[in-house]
Structures are given as C-alpha cells and as structure tokens.
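A closer look at the structure
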Amino acid sequence: MSGVGGGAVAVVGAACRLPGGIADLEALWASLDTGAVRAQDAPAGFDAGYFGMSAQEAARLSPEDALLLELTVEALDDAGLDGTGAGVYAGGAGHHAAARHLGGPGRSCPSPPAAVEQACRALHAGDVRLALAADVSGPPPGPAGAPALPSGAVVVLKRLGDALAGRDRVHGVLAGWGGEHEICELYERARVDPGDLVYVETGDHEAIARALAPRRAHPLPVSTGRDGILAVIKAMLVLRHRRTPRHRDDTLLPVPGGARVEPVAPGTAAQGFVGIGDRGTHVIVAPAPADLGRVVRQCGPLPVTVSARSRQALGEAVHRMAGRLRAATQEEFYDLAYTSCARRTRHPYRRVVLANTPQAAAGALVEGVRLAVRDGRVAFAYGGGIGGALPFGDRVFRSAVDRVDALLAPRLGRSLRDQTAGPALVFAAQVGVTRMLAVRGIRPATAFGEGHGRLAAAWASGRMTLEEAVRALTQRTDACPVSCDPGACPRCRSGPPGAGAGLFVEVGPGLGAAIRRGALWPPLVVTTLGEDGDGVEPAARELIEAGADADWDAVFPRPGRVVGLPAYPWQRRIMPALARRSDHAG
C-alpha cells in the first residue's frame with residue numbers, strides 16, 4: 001500500500017477559466033463527465049477598479065495578465081486566504097502583475113508542471129509560506145472582431161502540515177514532484193506504489209511507460225494530455241469523485257519495447273494516485289486527507305457577510321450569495337457563515353445579516369437596504385454612570401465584577417455587592433459590560449470617557465492594567481486622581497470622541513449627544529444597558545450588522561470548515577489592449 005511522505009504539499013485553493021463558459025471547478029467536472037458546456041464564454045474585459053488601476057494602466061495589460069489577476073483572486077478566495085506575500089510561479093511569462101498585486105516573489109517557469117515543482121520547492125525551502133502555481137495561455141485564432149479570450153488555471157499551495165494546522169480546506173495533495181529522469185526515485189521518496197496509480201496524464205508515453213509499467217501487475221492506464229495546472233485540478237476532481245470522467249476520448253500512442261499500457265477507461269473507480277508528466281517534470285497527485293472535523297453545533301443566530309469593491313458589485317454578490325444560501329442545508333450554515341465572515345477578503349462595501357437559518361439569511365440579504373459602514377472600527381464611550389439595570393444574570397458579567405471586587409474589597413473594606421452606587425460600582429459594571437461585548441466579538445479600537453468613565457476607558461484601550469486602574473480608583477493620587485483633568489493625565493487622556501472609528505458603543509450614558517455633535521456625518525451610537533439590563537446582546541448584534549470589525553474567533557468559538565462560496569462578481573470593461581488583440585484575431 002502507498003502512503004504520502006512527510007514533504008507533501010496541499011492544494012488549498014483552485015480557480016480556472018476555460019472555453020465554453022467553464023469558470024469554476026463544478027463546471028469543469030460537468031464538462032469532463034458529461035460534455036456539458038455553456039453556450040457563451042465570459043465577457044471580455046477587466047475590472048480595473050478592483051485592482052486599483054487607472055484605465056491607462058489597465059490598457060497596458062495583456063489579456064493573459066488580466067486573466068491571471070482575476071484567477072489569483074478567485075483561487076485565494078476559494079482557499080479562504082489573504083495571499084499577501086505569496087509567491088507566484090507561472091508556466092511561462094505573465095507572473096509580474098499577479099506578483100505585484102500580492103507583494104511576493106514571482107518567477108516564470110519553462111512549463112506548468114515546472115511551475116508546480118518550483119512552487120513546492122520554494123515552500124519547503126521556506127522562501128514562502130504560500131505559493132500559487134499558474135498557467136494562462138493565449139486564445140486560439142478566431143474570427144475577426146470576436147473577443148479574444150485566454151484560458152488558464154491557478155492552484156494555491158501550502159505545506160500539508162501548515163494547511164492542516166490552519167484548518168484549511170484541502171482539495172488534494174501533491175505527494176511528490178521532480179524530473180521525469182528520476183521517476184522511480186520520485187515514487188520511492190513519495191512512498192507511492194506505482195501499482196496504486198489510477199492513471200498517468202502525459203504527453204510523453206514512452207518515458208513514463210518505460211519507468212512505471214514494469215513496476216505494476218496490470219497495464220498502466222495512460223491519458224494523453226499537456227494540460228499543466230489544469231491537469232492537477234482534473235486529477236483532484238477525479239480523486240474527489242472517485243471515478244474517471246465518463247466523457248473521454250483518449251487515444252493511446254504506440255509505445256516501443258512492449259511496455260504494457262492502456263487508455264483510461266471512462267467511469268472507472270479512482271481510489272489511489274494520479275501521475276502528471278510533461279516536458280521533463282512529473283507530479284504525483286494524492287487524494288485529500290479525510291475530514292476529521294465535526295459539524296459545529298449552532299447556538300443562536302449567525303452572521304453572514306457579503307462584501308465587494310463597488311455598490312454595483314455588492315448588489316450582484318448579494319444575489320449570488322442568496323442563491324448559495326437558499327440551496328444550503330442547516331448543517332452547512334455554520335460553515336457558510338464562518339467562511340463568509342472569517343475566511344473571505346473584507347471589501348469596503350458590505351452587507352451583514354444575522355439569521356438562524358440559511359434561508360432566512362438569504363431573505364435578509366436580498367431585502368436589506370442598509371449598507372455596513374466602510375470603517376468598521378468601534379469606539380467605546382464610557383460615561384460617568386451606569387444608566388440601567390446591571391446584568392448580574394450573565395456569567396461573564398458576574399465573573400468580571402467579581403474580579404474587580406477581589407481587587408477592590410481589600411482597599412475599600414467592603415464588597416461591591418453591598419453597594420448600589422458610587423465610582424467603584426460604575427467602574428466594575430463598565431468592565432463587566434466590556435467583557436460581555438468581547439465574548440460577542442466586539443472589542444474597542446479606541447476608547448474615551450468622562451468623569452469616572454475615564455478610568456474604564458484607560459483600561460479598555462490598554463493604557464492601564466486592571467490592577468493599575470483599581471489602584472488609581474481607590475488612592476486618588478496626584479499621578480492619576482479620579483477627578484483629574486483629561487488633558488493633564490497622559491494615562492487617562494482620551495482623544496477626540498471617536499477619533500479613528502466608524503461605530504460607537506455607549507458603556508454608560510451621557511456621551512451619545514456629544515458624539516453626534518462632533519461627528520461629520522450621522523454616526524451609529526449603540527447603547528448597551530437598558531432598563532432591564534438586557535441591552536448588551538442586541539447591541540452586539542446591531543454593531544455586527546452595521547459592519548463592526550468583529551473578533552470572529554469570539555463569534556465562532558469553534559472554527560468552521562472552509563466551504564465554497566460564489567466567486568467575486570467582476571465589473572469588467574472592454575479595455576483597449578483586449579480590443580486590439582481581438583481586432584487582429586484570425
């Protein structure tokens with residue numbers, strides 16, 4: 001039996017664009033398995049605004065560069081990763097624009113399989129923590145005036161151990177890679193028995209057959225192809241679906257020397273490995289490891305986030321996501337919500353909804369008219385009082401107040417539980433509410449206060465430890481008296497109300513009016529303590545729906561699985577470079 005060696009590399013993201021309207025992995029498998037294709041290709045053009053390019057800059061891009069940029073974004077979205085600093089290894093020219101976009105190294109490789117090999121070597125050398133292997137080719141000649149559309153594929157690669165530690169979705173595993181002159185040694189290093197190969201896709205049957213066929217008890221199934229990165233994706237799909245596509249037309253080339261080979265039989269079971277060889281490089285593709293994660297039990301409503309870089313794109317993204325949610329099961333909802341919030345790029349235009357079911361989330365997204373704020377930083381405003389009943393029924397609040405009480409009681413000579421008012425109770429209550437918001441994903445980007453609230457603000461913003469704030473509260477020293485002038489005490493000093501924030505939460509009354517007066521636009525000010533002491537939960541929900549920069553680790557206490565979400569809705573415009581290429585086609 002075969003095993004995968006310790007140096008394996010995981011494919012954690014993938015994207016493709018092919019003739020016939022094939023724009024994702026599902027469409028690719030449908031085409032391979034049934035021959036189904038769409039009537040039209042995607043429109044030509046480029047979304048310059050997404051990449052922050054002027055029209056002049058975009059006009060200088062080749063169609064291949066433009067496609068590689070889009071596929072890079074789609075593959076990283078599929079992986080649920082940011083991609084900053086990732087290396088780009090392209091089978092041919094065209095890596096420069098994508099490498100500049102990610103801010104990492106780029107390299108042109110002699111062939112797509114060589115791009116995979118060099119990306120894997122860079123990962124193992126520690127040159128990069130994340131690598132993209134890409135292959136984009138120009139369009140075939142077409143009729144004059146027709147859009148000239150390139151095609152291509154991109155895979156996102158990580159060391160397998162890093163991928164598993166990061167809870168990434170693994171599409172497939174690259175068990176080995178190297179030169180075709182060392183195929184036997186390559187399979188030994190990867191601990192893969194050639195007898196476990198489902199098939200080999202190669203343009204050089206003779207070299208592969210001579211090396212591998214004698215080491216098998218049965219003829220070696222061979223597929224004719226030079227698809228490069230796309231061959232890796234096809235192999236992953238074959239191993240995922242556990243059968244070769246039904247729609248195949250492989251022609252077996254003659255192999256001198258009597259080596260036993262045969263064409264790949266359509267629809268045969270595929271549990272094993274796939275070999276891919278072309279132009280001197282060979283790659284072994286293994287199935288993804290079994291998903292050992294458990295479905296996370298949902299407790300309460302979950303947030304779903306959709307974002308884009310323009311209002312028009314957001315509208316399209318909302319409708320795509322709504323369609324994905326309508327088709328989802330309740331068991332998928334936690335993973336969908338987790339991926340949308342914690343594993344997708346956050347763009348300026350956003351819509352966030354909270355819902356108990358995927359269908360309810362779909363309806364809320366489509367029916368909603370409220371855009372999330374573009375600046376999701378939250379300012380905590382600490383007033384000089386409490387302004388409502390205290391939520392002692394909440395475990396987190398009680399624990400926080402007890403912690404403050406343990407620090408204060410030796411100094412005050414009495415417990416906070418014996419008090420109904422006063423600076424100490426105000427401070428402890430504000431600490432408790434801050435902790436309650438934190439476990440619901442809301443943390444302050446900045447904090448300010450007035451009166452006794454200045455000490456809570458100093459603690460919340462990290463200018464004081466809890467022990468230091470308690471000591472200042474009880475000692476009223478010249479260094480930091482409770483009644484100090486905020487301009488005279490550097491540790492209690494607050495900046496302008498809400499400086500550097502787009503959302504405000506009142507922890508104690510009295511500052512909402514001041515915030516509104518000083519704002520350049522009508523701000524959202526959320527109050528936490530109501531008459532019944534039950535205002536914290538709705539405040540946290542309102543802030544999340546308004547687009548707060550939430551701590552998703554708190555919102556999703558157990559990480560979900562990374563799942564597929566709709567691709568970004570590109571707002572393409574016909575660019576001069578693309579038009580010129582199509583004018584000269586044919």
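The rules behind the values
Residues numbered from 1 in each chain as written. Predicted model: local features only at pLDDT ≥ 70, side-chain atom pairs only at ≥ 80, totals over all residues. Heavy atoms only, no water. Helix = DSSP H or I, 4+ residues; strand = E, 2+ residues; numbered from the N terminus. Buried < 20%, exposed > 50% of the residue type's maximum accessible area, 1.4 Å probe, protein only. Contact = heavy atoms within 4.5 Å. Arc of directions from axis to C-beta. Axes fitted to C-alpha atoms, helices over the stretch in contact; angles between N-to-C directions. Parallel < 35°, antiparallel > 145°, perpendicular 65-115°, else oblique. Left-handed = near helix turned anticlockwise from the far one by under 90°. Nonpolar A, V, L, I, M, F, W, Y, C, P; charged D, E, K, R; others polar. Phe/Tyr/Trp six-rings, centres within 6.5 Å; stacked < 30°, edge-to-face > 60°. Lys NZ or Arg CZ within 6 Å of the ring centre and 35° of its normal. Salt bridge = Lys/Arg side-chain N within 4 Å of Asp/Glu carboxyl O. Pairing = 2+ DSSP bridges. Polar contact = N/O pair within 3.5 Å; in protein donor to acceptor, adjacent residues only side chain to side chain. pLDDT = per-residue confidence, 0-100.

For the protein, the helix and strand inventory stands at 20 helices and 17 strands. Looking at the protein as a whole, 53% of its 586 residues qualify as buried. Sequence-distant contacts in the protein: of pairs separated by 6 or more residues, those separated by 24 or more amount to 73%.

Another point: helix 12 (residues 358-367). Those residues of helix 12 that sit buried are Pro358, Ala361, Ala362 and Leu365. When helix 12 is viewed along its axis, its buried side chains cluster within an angular range of 100° and face the same direction. The elements touched by buried residues of helix 12 are strand 12 (302-308), helix 10 (311-326), helix 11 (330-342) and strand 13 (349-355).

What follows covers the packing of helix 10 against helix 12. Axis separation between helix 10 and helix 12 bottoms out at 8 Å; the angle between their running directions is 160°. On the basis of the axis angle, helix 10 is roughly antiparallel to helix 12. As helix 10 packs across helix 12, the resulting crossing turns out to be left-handed. Between helix 10 and helix 12, the contacting residues are Val318, His319, Met321, Ala322, Leu325 and Arg326 on the first element and Pro358, Gln359, Ala361, Ala362, Leu365 and Val366 on the second. Here the residues of the contact of helix 10 with helix 12 are counted per class, giving nine nonpolar, two polar and one charged.

Although it is not a glycine, Arg167 adopts a positive phi angle of roughly 55°. Turning to its location among the elements, Arg167 is positioned in the loop between helix 6 (160-165) and strand 6 (172-179). When its relative accessible area of 37% is taken as the criterion, Arg167 is described as partly exposed. The backbone of Arg191 shows a phi angle near 60°, a positive value even though the residue is not glycine. Of note, Arg191 is situated in the loop between helix 7 (183-189) and strand 7 (197-202).

Turning next to the packing of aromatic side chains. Counted by the stated rule, this structure contains 11 aromatic pairs. Note on Trp552 and Phe556: the rings are 6.2 Å apart at their centroids and 45° apart in plane angle, and the pair reads as tilted. Pair check on accessibility: Trp552 and Phe556 agree, each one buried. The ring centre of Tyr50 lies 4.1 Å from the NZ or CZ of Arg309, which sits over that ring. Sitting over the ring of Tyr349, Arg374 keeps its end group 4.5 Å from the ring centre.

Moving on to the environment of Gln118. As for its placement among the helices and strands, Gln118 is situated in helix 5 (residues 112-125). Between the C-alpha atoms of Gln118 and Ala90, which are 28 residues apart in sequence, the distance is 9.6 Å.

Glancing now at helix 15 (residues 453-460). Most of helix 15 is tucked away, with eight of its eight residues classed as buried. Looking at helix 15, one finds that the buried residues are Gly453, Arg454, Leu455, Ala456, Ala457, Ala458, Trp459 and Ala460. The secondary structure elements touched by the buried residues of helix 15 are strand 14 (378-382), helix 14 (423-439), strand 15 (446-449) and helix 16 (466-475). Positioned one or two residues after helix 15, Gly462 has a phi angle of 85°, which is positive.

What the rule picks out here adds up to 22 salt bridges. Asp162 is the partner of Arg159 in a salt bridge, and the nearest nitrogen-oxygen pair spans 3.1 Å. Residue classification places Arg159 among the partly exposed positions, given a relative accessible area of 25%. Through salt bridges with shared partners, a single network forms among Arg17, Glu70, Glu74 and Arg572.

Looking now at the pairing of strand 13. Buried residues dominate strand 13, accounting for seven of its seven residues. Burial along strand 13 is two-sided: the residues Tyr349, Arg351, Val353 and Ala355 and Arg350, Val352 and Leu354 are all buried. As defined by bridge partners, strand 12 adjoins strand 13 across seven bridges and the pair is classed as antiparallel. Note that in strand 13 the partner of Pro303 across the bridge is Leu354.

The description of two packed helices rests on the angle between their axes and on the distance between the axes. Two elements in contact, helix 13 (residues 395-412) and helix 16, have axes separated by 10 Å at closest approach and are oriented at 35°. Here helix 13 and helix 16 pass one another in a crossing that is right-handed. Contacts from Arg403, Val404, Leu407, Leu408, Arg411 and Leu412 of helix 13 reach helix 16 at Leu466, Glu467, Val470, Arg471, Leu473, Thr474 and Gln475. Taken together, the residues that form the contact of helix 13 with helix 16 break down as seven nonpolar, two polar and four charged.

This part takes up the side chain of Asp47. The topology assignment puts Asp47 in the loop between helix 1 (25-34) and helix 2 (55-59). Here Asp47 falls in the buried class, since its relative accessible area comes to 6%. Polar contacts involving the side chain of Asp47 include one to the main-chain amide nitrogen of Tyr50, which spans 3.2 Å. Ignoring anything within four residues of it in the chain, the contact list for Asp47 reads Glu70, Tyr568, Trp570, Gln571 and Arg572.

The next point concerns the environment of Phe427. Considering the arrangement of structural elements, one finds Phe427 in helix 14. Taking relative accessible area as the criterion, Phe427 reaches 1% and is therefore assigned buried. Residues Phe427 and Ala469, 42 residues apart in the sequence, show an inter-C-alpha distance of 9.1 Å. With residues near it in sequence (within four places) discarded, Phe427 still touches Val404, Leu455, Ala456, Leu466, Ala469, Val470 and Leu473.

To continue, consider the side chain of His347. Note that His347 resides in the loop between helix 11 and strand 13. Here His347 falls in the buried class, since its relative accessible area comes to 4%. Each residue touching His347, except ones within four places of it in the same chain, is listed here: Tyr50, Ser307, Ala308, Arg309 and Tyr568.

Our focus in this paragraph is the environment of His205. By secondary structure assignment, the location of His205 is in helix 8 (residues 205-212). Among the residues examined, His205 registers a relative accessible area of 4% and is labelled buried. Along the chain, His205 and Gly277 lie 72 residues apart, while their C-alpha atoms are 9.2 Å from each other.

Another point: the confidence of the model for the protein. Looking at the protein as a whole, its pLDDT mean stands at 83, while 81% of the residues score no less than 70. At the level of individual helices and strands, the protein shows its lowest average pLDDT in helix 20 (residues 576-583), which scores 47, and its highest in strand 1 (residues 9-17), which scores 97. For the stretch residues 477-488, pLDDT sits under 50, and the model shows 23 contacts to residues farther than four places along the chain or on other chains. Low pLDDT, under 50, characterises residues 579-586; the predicted model gives this stretch 16 contacts beyond four residues in sequence or across chains.

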